[in-house]
Amino acid sequence: MPYQHILIAVDLTDECHPVVQRALAVAASSGARASLVHIIEPMAMAFGGDVPMDLSLLQQQQFDQARERLESFTAQYPQLSSDQRHLVYGQPRQEIHRLVSEQGCDLIVVGSHGRHGLALLLGSTANDVLHGAPCDVLAVRLKKHA
Ligand code: AMP
C-alpha cells in the first residue's frame, strides 16, 4: 500500500533539508500528500515547568520568530502550501503523534544523528517519536557536519 499522507518533522535548522527532500521524494513516488511540522517547546518546559514569572510575552516572541523561520525554511518547497505547514506548541513526541492522528498521516519522517554512547542514553527526538508512534517512522540519517 503506498503512503497517503506523510508528516515531516523539522527543527528548522539547515541540517533538516535532506529530511524534507527525502520525504518529498517518497511522497512524489507514492502520490502522497505531505505536511510539515515544527514544534515549539514552551519556555516553561525548558525551565522545568516551574517559573515564577509571566512568560507570555517571551512566548509570543518565540512563536513569531519560529513563524519567520518556518517561512524562510519552507520558501524553497512550493509543494508545501501554508495549510500543509504546522507550527505547534508542546512536547515534540506528543504533538507529532497528536497531529498524525488528527491529520490521518501514515508516515512520519524525522532526521537522525545516529547517536551512540552517552548521547544515545540521553535520547533523541527520532527515538522519542518512534516510541508509541501510531504509524511508520522513517529516520533519515543526517551527516555529522551537514
Ligand atoms: P534531535 O534528536 O534533536 O537531534 O532531532 C532529530 C530530528 O527530530 C530532527 O532532524 C527533526 O526531524 C526532528 N525534530 C527535532 N526537534 C524538532 C522540533 N522541535 N519539531 C519538529 N521536529 C523536530
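Residues numbered from 1 in each chain as written. Predicted model: local features only at pLDDT ≥ 70, side-chain atom pairs only at ≥ 80, totals over all residues. Heavy atoms only, no water.

Asker: Looking at this structure, how should I read the site of the ligand?
Answerer: Lining the immediate environment of the ligand, one finds 14 residues, of which Ala 9, Ile 39, Gly 111, His 113 and Thr 125 sit closest. At a separation of 2.9 Å, an oxygen atom of the ligand approaches a polar backbone atom of Gly 111. Within the side chain of His 113, one N or O atom sits 2.9 Å away from an oxygen atom of the ligand. Burial of the ligand by the surrounding chains reaches 89%, relative to a free accessible area of 480 Å². Residue assignment for the shell around the ligand shows that the elements contributing at least two residues are strand 2 (33–40) and strand 4 (107–112). Take the shell around the ligand: its biggest share by element is three residues, from strand 2. Its residues assigned to classes, the shell around the ligand comprises seven nonpolar, five polar and two charged. (Near = heavy atom within 4 Å. Polar contact = N/O pair within 3.5 Å; in protein donor to acceptor, adjacent residues only side chain to side chain. Areas by Shrake-Rupley, 256 points an atom, 1.4 Å probe, with all protein chains shown as cover. Helix = DSSP H or I, 4+ residues; strand = E, 2+ residues; numbered from the N terminus. Nonpolar A, V, L, I, M, F, W, Y, C, P; charged D, E, K, R; others polar.)

Asker: Any chance you could explain the packing of aromatic side chains here in plain terms?
Answerer: How two aromatic rings sit relative to each other is given by the distance of their centres and the angle of their planes. Overall, the coordinates contain two aromatic pairs when judged by the stated rule. For the pair Phe 63 and Tyr 89, a centre-to-centre distance of 5.9 Å together with 25 degrees between the ring planes defines the contact as stacked. With a gap of 26 residues between them, Phe 63 in helix 3 (residues 56–74) and Tyr 89 in strand 3 (residues 85–89) connect regions that are remote in the sequence. (Phe/Tyr/Trp six-rings, centres within 6.5 Å; stacked < 30°, edge-to-face > 60°.)

Asker: Could you clarify how one ought to interpret helix 3 in this entry?
Answerer: Given 3.6 residues per turn, any residue in an α-helix points the same way as the ones three and four places further on. The end-to-end C-alpha distance of helix 3, which contains 19 residues, comes to 27 Å, matching closely the 27 Å that a straight helix rising 1.5 Å per residue would cover. Looking at helix 3, one finds that the buried residues are Gln 62, Ala 66, Leu 70, Phe 73 and Thr 74. Buried residues of helix 3, viewed axially, fall in a sector of 80 degrees; they line one side. In helix 3, the exposed residues that point more than 90 degrees away from the buried face are Leu 57, Gln 65, Glu 68 and Ser 72. (Expected span 1.5 Å × (residues − 1). Buried < 20%, exposed > 50% of the residue type's maximum accessible area, 1.4 Å probe, protein only. Arc of directions from axis to C-beta.)

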